[in-house]
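Descriptive structure summary
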Amino acid sequence: MIKKILVANRGEIAVRIVRACAEMGIKSVAIYADADRHALHVKKADESYNVGPDPVGGYLNAHRIVNLAVASGCDALHPGYGFLSENPQLAEICVKRGIIFIGPSAETIRRMGDKLEARRCMKAAGIPMVPGSDGNIGSVHEAVGLASKIGYPVMLKATSGGGGRGIRRCNNEDELRRNFERVVSEATKAFGSADVFIEKAIVNPRHIEVQILGDKFGNVIHLFERDCSIQRRHQKLVEIAPSPQLTEEQRAAVCELGVRAAKTAHYENAGTVEFLFDHDGNFYFMEMNTRLQVEHTITEQITGVDIVQEQIRIAEGQPMSYT
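Per chain, residue numbering runs from 1 following the sequence as it is written. In view of the model being predicted, local features appear only for residues whose pLDDT reaches at least 70, and side-chain atom pairs are presented and counted only at 80 or more, with totals across whole chains, interfaces and linings using the full set of residues. In computing side-chain properties, one takes all heavy atoms of the structure into account and sets aside hydrogens as well as water.

**Focus on the sheet that holds strand 1 (residues 4-7)**
- Criterion used throughout: strands pair if DSSP finds at least two bridges between them. Strands are runs of DSSP state E lasting at least 2 residues, helices are runs of H or I lasting at least 4, and numbering of each runs from the N terminus. The five strands lie next to each other as 3-2-1-4-5, forming an open sheet whose pairing is parallel. The strands lining the two open edges of the sheet, one partner per strand, are strand 3 (47-50) and strand 5 (100-101).
- For strand 1 and strand 2 (residues 27-32), the ladder comprises four bridges, and the chain directions are parallel. Paired with Lys4 across the bridge in strand 2 is Lys27.
- Strands in contact with helix 3 (residues 62-71) are strand 1, strand 2, strand 3 and strand 4 (76-78); relative to strand 1, the strand with the most contacts, it is inclined by about 155°. By definition, residues are in contact when any of their heavy atoms lie within 4.5 Å. The angle between two axes is taken between their N-to-C directions and runs from 0 to 180 degrees, where each axis is a line fitted to C-alpha atoms and a helix contributes only its stretch in contact.

Here is the structure:
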């Protein structure tokens, strides 16, 4: 059983995890940069440790954070969201140091974090996909040739991207040529990789995401869906659960797709499978987020399930509380 958890994050999500620990009788350890020394998560946790003056770098040093977990007697680490939460290196270091990582395996994080690898995985499982490139695009000439076959508009996307960055819609060849180097540059700066791919743009879709949970026994369930279609610059602004735009049949269909996608990925712990929903009623796999999401709280409100506590139980090796 887990007795002590280091929370590798700050702010609201750190407070949320500390609360779950307290309710389960588990000790919590907070980390903080100098600027956060008086933050609420520091005051709420049972213990807290400084990770230096840099308000960003301190939360991104995986080796230092895991060293702190070991030195403070923790047996588990929760990454929260943002920062290192989708960095497979953190999960790998935890395993090497004997710390339980409260999340999916490093292999799963790496595979689903690569958008093309995720597409190949889901396509093999029969999950509907938006038409697009099977590999990375090596040049603007290749991009133009593929776009002419797919048909405009198209989306240029960073292969390692996320959070709405490294993505551009191109309505014609001229826009594609202008945006190609820009997306490559954005991808390199934001994700350390210049790889990009191309997809058919679904015009004015609904953006539907399915909350899933999977345990170490191969069980996967969904906790219904969230509608995050209200966005600005590909950044979600408002989340609604359940989606008011879906019929019960459509809801059942997309949730079944989310479970199938998670089973295909051999997924453990909490995650989110994101889909685009077009005007003809078709769902298309977009990506999988291998972590707890900011908006998990509205799913908790409509289901009564404490997702963070379930994450901890799953990491302990317990079967899920729900079937």
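**Notes on the packing of helix 5 (residues 106-113) against helix 6 (residues 115-124)**
- The N-to-C vectors of helix 5 and helix 6 enclose an angle of 95°; their axes lie 5 Å apart at closest approach. On the basis of their axis angle, the class for helix 5 and helix 6 is roughly perpendicular. Residues Arg111, Met112 and Gly113 of helix 5 pack against Lys115, Glu117, Ala118, Cys121 and Met122 of helix 6.
- Side-chain classes follow a simple rule in which Ala, Val, Leu, Ile, Met, Phe, Trp, Tyr, Cys and Pro form the nonpolar group, Asp, Glu, Lys and Arg form the charged group, and the remainder, Gly included, forms the polar group. Class assignment of the residues belonging to the contact of helix 5 with helix 6 gives a composition of four nonpolar, one polar and three charged. Here the angle decides the label: under 35 degrees means roughly parallel, over 145 means roughly antiparallel, 65 to 115 means roughly perpendicular, and every other value means oblique.

**What to know about the pattern of salt bridges**
- Criterion for a salt bridge: a side-chain nitrogen of Lys or Arg within 4 Å of a carboxyl oxygen of Asp or Glu. Counting across every chain of the model gives 28 salt bridges.
- With a closest N to O distance of 2.6 Å, Lys4 and Glu47 form a salt bridge. Here Lys4 is found in strand 1, whereas its partner Glu47 is found in strand 3, with 43 residues between them in sequence.
- The rule is simple: take the accessible area with a 1.4 Å probe, protein chains only, and divide by the maximum for that residue type; under 20% is buried, over 50% is exposed, in between is partly exposed. Lys4 sits in the buried class, given a relative accessible area of 13%.

**Overview of the packing of aromatic side chains**
- Centres within 6.5 Å make a pair out of two Phe, Tyr or Trp rings, where for Trp the six-membered ring is used; the pair is then stacked when the planes are under 30 degrees apart, edge-to-face when over 60, and tilted otherwise. Taken as a whole and judged by the stated rule, the model has three aromatic pairs.
- A centroid spacing of 5.0 Å and a plane angle of 25° characterise the contact between Tyr59 and Phe83, whose relative ring orientation is stacked. Here Tyr59, found in the loop between strand 3 and helix 3, pairs with Phe83, found in the loop between strand 4 and helix 4 (88-96); they are 24 residues apart in sequence, far enough to count as distant.
- A relative accessible area of 0% places Tyr59 in the buried class.
- Of the residues examined, Phe83 reaches a relative accessible area of 34% and is grouped as partly exposed.
- Seen from their ring centres, Phe275 and Phe285 are 6.4 Å apart, and the 80° between their planes marks the pair as edge-to-face. Taken together, the residues Phe275 in strand 12 (residues 269-277) and Phe285 in strand 13 (residues 283-289) connect sequence positions 10 residues apart.

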